[in-house]
Amino acid sequence: MARSELDRQIDAGAEAAAVFVGRFLSGAPLSDRPRAPGGAAVWQHVLLRLALLGWAGWAAWTWWWLENHERVIWCSAGAAGGLVPLVIVLHIRGGARRRHMQTLVVPMSLALKETMPVWDDAQRLAAVTIPLDRSFVKIALPDGWHGQDGHKELLRELVHARMGGRWSGEWNLKRYPFYVLFQPQKDKVVYEVPDRVDFFAPEVQAAIGSCRPGQLVLGLDDHSEALTKEMTGESAMWGLSVGSGGGKSSFLQMIITQLVGQGATVIGIDVKMASINCFEGVPGVHLYTDPGNIGDMRAAISWAAREVEARNYVKQQNPSKDFDRLTLILEEGNEFGDASKEWWNENKEKGDPASDPIWGDIASIMRMGRHVNVTIIGVFQDLRESAVGNRGLRNMFRLLMLGNFNANQWKMIVNTSPVPESVDKAGRMLVIEGNRRVWIQVPYAEPEAFREHCLKLRSERGYSTADLYGSPPARSPQRLPSLLQVSRPLFTKEPPQAIGVSAAEDAAQKGVPAGQAQNEEERFTSEDGERFSERFTSDPGPDDQPTDAADPPVPVAEQEAPVEESPELLTLAEISRRFAASGTELNGNTLRVHKLRRADFPVGVMQDDGKERFTMRAIAQYYNLEWPPNSDEEEPGEGEQDHRLGEGDPAG
């Protein structure tokens, strides 16, 4: 049966009504024209339309069925009075979102046409999500999109240009839904190491107080927090390679003070005589700082090696035994290595090894010491392999500290890239332990303040030598440098003249107690009285002047002194050669050994070339030899001569 025009109109109207109802209930635009960006969300449209539909149904039921016209009128007026302000507020608040969409989101979606050509404008607009606070940009990506043809870089540049600043992208191209999330790059907070740190500051003292035995505070890092390291296990041996003026002295003074607080015994070797002298007189701190007595320093190192040997034996018998800490500090290691090598070359006997054996003792301590709580802190200006005796010891310093270094030193010691820039500031050091590197500032205090604090710690906490199986070697009398010495007058019995200060004055400058200074002065006087009589005696007073009026002293100008020709000054090697030519065997090595070890050896005259020279007669008189060889004087007995010429004990 043919359908009429009316039937077709009815069908078209029903279809249009169904589409309208569907659009109305779904929150979609009622017309085919898309809704302008920036409006209310779809769910808000659905809720509003359902509320309007419910109100219309209630009003129709009340108006026609219940015939309560007044109720409908008053309720409609009240609802309108409440909705109008709400609509105005929502419109005002929606203005910011509309502007945001129109000025940023929509233009960015249109600019995506080149990078996402498979989508239309509506899809690209729906793909862009940017909140009002612009905290991120999220862009959905089409299936199969992988940033080909440089589209990924174009997308990144688009976000940078539209949003401003620098943005980092997080790409999700492996799992659906695909997207890229851009977030602003946060500026890294730059932390700086403090320029100066006071050792007695509350935060530093609190960090030291919380350290366990074996833990030491090294300094404050770039967060102004105390950096502590344990002098145990793999990092028991510490090595410093710090250039001149880098704060090595302050570091050692701070470390020694902490070791004293933990009851440790400290052996300090310092040829510079400046870094650790402030601890003179502190119980348990044994200092060897006289560069004229390198043998004392070597003896102290050898004693520490023997202590390691003894402790290991005790540990073998009693595995549960724990020992008090013994730490050997080697300051100015480069200078000590050179001085020790020179000392060995001058004093080694026939058949001794050519290389300096002291590094063997140091190697023994480094290899066997940490097991029995014996450690080493080696301080160098340049930690070359040759500076540690070419024995592979440099790699045994598992904790390194570098300061005032250059690129070559970094490549030689650490050998990693890139090379960090050195901070040439006193006390600024880079701590390297494995792959971790931290800049620190070493705490500082006056040397005398460190000493007073150490004495206070010893008096409060005590000090024990129960775990020492020997005593550190005694120090030899300090020898005056050659330029401060004046030779003994030749052919006379006048005492030698020397320039210097008394032991009491020297001790007072170092803060040594008066009683100890007096003992030192007596020891020097008893051993070196003939060589350094003027050094430890006062000027003659009135009571020392002659009182015999009948025999007044003759003025020096009126005395007639015989004019003698200046004797010839010779080196010890030349003197030995001349004695050999006259038939007297006097080995040159023997002369050099006695010169170093015997306090009563004749004092020579320093020449402009830096060498000390002697006279033939002075050496002959010292060994009771006849010179000139044609003299009629009786020669010394065989036993006495052998005693003089023998190598014997250094004390002679």
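The rules behind each value
- Residues numbered from 1 in each chain as written.
- Predicted model: local features only at pLDDT ≥ 70, side-chain atom pairs only at ≥ 80, totals over all residues.
- Heavy atoms only, no water.
- Helix = DSSP H or I, 4+ residues; strand = E, 2+ residues; numbered from the N terminus.
- Polar contact = N/O pair within 3.5 Å; in protein donor to acceptor, adjacent residues only side chain to side chain.
- Contact = heavy atoms within 4.5 Å.
- Phe/Tyr/Trp six-rings, centres within 6.5 Å; stacked < 30°, edge-to-face > 60°.
- Buried < 20%, exposed > 50% of the residue type's maximum accessible area, 1.4 Å probe, protein only.
- Expected span 1.5 Å × (residues − 1).
- Disulfide = S-S within 2.5 Å.
- Axes fitted to C-alpha atoms, helices over the stretch in contact; angles between N-to-C directions.
- Parallel < 35°, antiparallel > 145°, perpendicular 65-115°, else oblique.
- Nonpolar A, V, L, I, M, F, W, Y, C, P; charged D, E, K, R; others polar.
- Salt bridge = Lys/Arg side-chain N within 4 Å of Asp/Glu carboxyl O.

### Thoughts on the side chain of Arg428
Move 1: Inspection of the secondary structure puts Arg428 in strand β13 (residues 428-433).
Move 2: Here the side chain of Arg428 touches Pro194 through a polar contact of 3.1 Å, landing on its backbone oxygen.
Move 3: In this structure, Arg428 is in contact with Val193, Pro194, Asp195, Gly246, Leu402, Gly403, Val423, Trp439, Ile440 and Gln441, ignoring residues within four places of it in sequence.

### Notes on the packing of aromatic side chains
Think of a pair of aromatic rings as described by two things: how far the centres are apart, and how the planes are tilted against each other in angle.
Move 1: Counted according to the given criterion, the structure contains 14 aromatic pairs.
Move 2: For the ring pair Phe601 and Phe614, a centre distance of 5.9 Å and an interplane angle of 85° mean the geometry is edge-to-face. Of this pair, Phe601 sits in the loop between α16 (588-597) and β17 (605-606) while Phe614 sits in the loop between β18 (612-613) and α17 (616-622), and the two are 13 residues apart along the sequence. Assigned by exposure class, Phe601 and Phe614 land together as buried.

### A look at helix α9 (residues 333-347)
Move 1: Between the first and last C-alpha of α9 there are 21 Å, a value that for 15 residues agrees with the 21 Å anticipated at 1.5 Å per step.
Move 2: Taken as a whole, α9 has its buried residues at Gly333, Asn334, Phe336, Gly337, Ala339, Ser340, Trp344 and Asn347.
Move 3: On its buried face, α9 sits against β8 (265-270), α8 (294-317), β10 (326-331), α10 (358-368), β11 (374-380) and α16.

### Digging into unusual backbone geometry
Move 1: Between Tyr176 and Pro177 the backbone carries a cis peptide bond, its omega angle lying at 0°.
Move 2: Structurally, Pro177 can be placed in the loop between β3 (167-172) and β4 (179-184).
Move 3: A cis amide bond links Ser417 to the next residue, Pro418, at an omega of -5°.
Move 4: Structurally, the position occupied by Pro418 is in the loop between α11 (407-413) and β13.
Move 5: Here the phi dihedral of Ser224 falls at roughly 60°; this positive angle occurs in a residue that is not glycine.

### Examining helix α5 (residues 151-163)
Move 1: Helix length check: α5, at 13 residues, gives a terminal C-alpha distance of 18 Å against a target of 18 Å (1.5 Å per residue), a fit within 8%.
Move 2: Among all positions of α5, only His151, Leu155, Leu158, Val159, His160 and Met163 are buried.
Move 3: In this fold, the buried residues of α5 make contact with α3 (69-111), β2 (137-140), β3 and β4.
Move 4: Just downstream of α5 lies Gly164, where phi reads positive at about 80°.

### Some details on the state of the cysteines
Move 1: Within the structure shown, the criterion is met by 0 disulfides.
Move 2: The thiol sulfur of Cys454 is not disulfide-bonded, and the nearest other cysteine sulfur, from Cys278, lies at 7.6 Å.
Move 3: Accessibility expressed as a relative area gives 0% for Cys454, which makes it buried.

### Some details on the packing of helix α1 (residues 5-26) against helix α2 (residues 42-65)
Move 1: Contact geometry for α1 and α2: axes closest at 7 Å, N-to-C directions at 115°. It follows that α1 is roughly perpendicular to α2 by the angle criterion. Here Arg23, Phe24, Leu25 and Ser26 of α1 come into contact with α2, specifically with Val42, Val46, Arg49, Leu50 and Leu53.
Move 2: The residue inventory of the contact of α1 with α2, partitioned by class, reads 6 nonpolar, 1 polar and 2 charged.

### Describing the pattern of salt bridges
Move 1: A full pass over the atoms with the stated rule returns 19 salt bridges.
Move 2: In this structure, Lys272 engages Glu332 in a salt bridge whose closest nitrogen and oxygen atoms are separated by 3.5 Å. On the criterion of sequence distance, the pair formed by Lys272 in the loop between β8 and β9 (285-288) and Glu332 in the loop between β10 and α9 is long-range, its members being 60 residues apart.
Move 3: Looking at Lys272, the relative accessible area reads 33%, which means it is partly exposed.
Move 4: Where Arg578 meets Glu568, a salt bridge forms, and the shortest distance between an N and an O atom there is 3.1 Å. One end of the pair, Arg578, is in helix α15 (residues 572-581); the other, Glu568, is in the loop between α14 (514-528) and α15, with 10 residues separating them in the sequence.
Move 5: Note on Glu568: relative accessible area 47%, which makes it partly exposed.
Move 6: In the salt-bridge network here, residues are joined through shared partners; they are Glu568, Glu574, Arg577 and Arg578.

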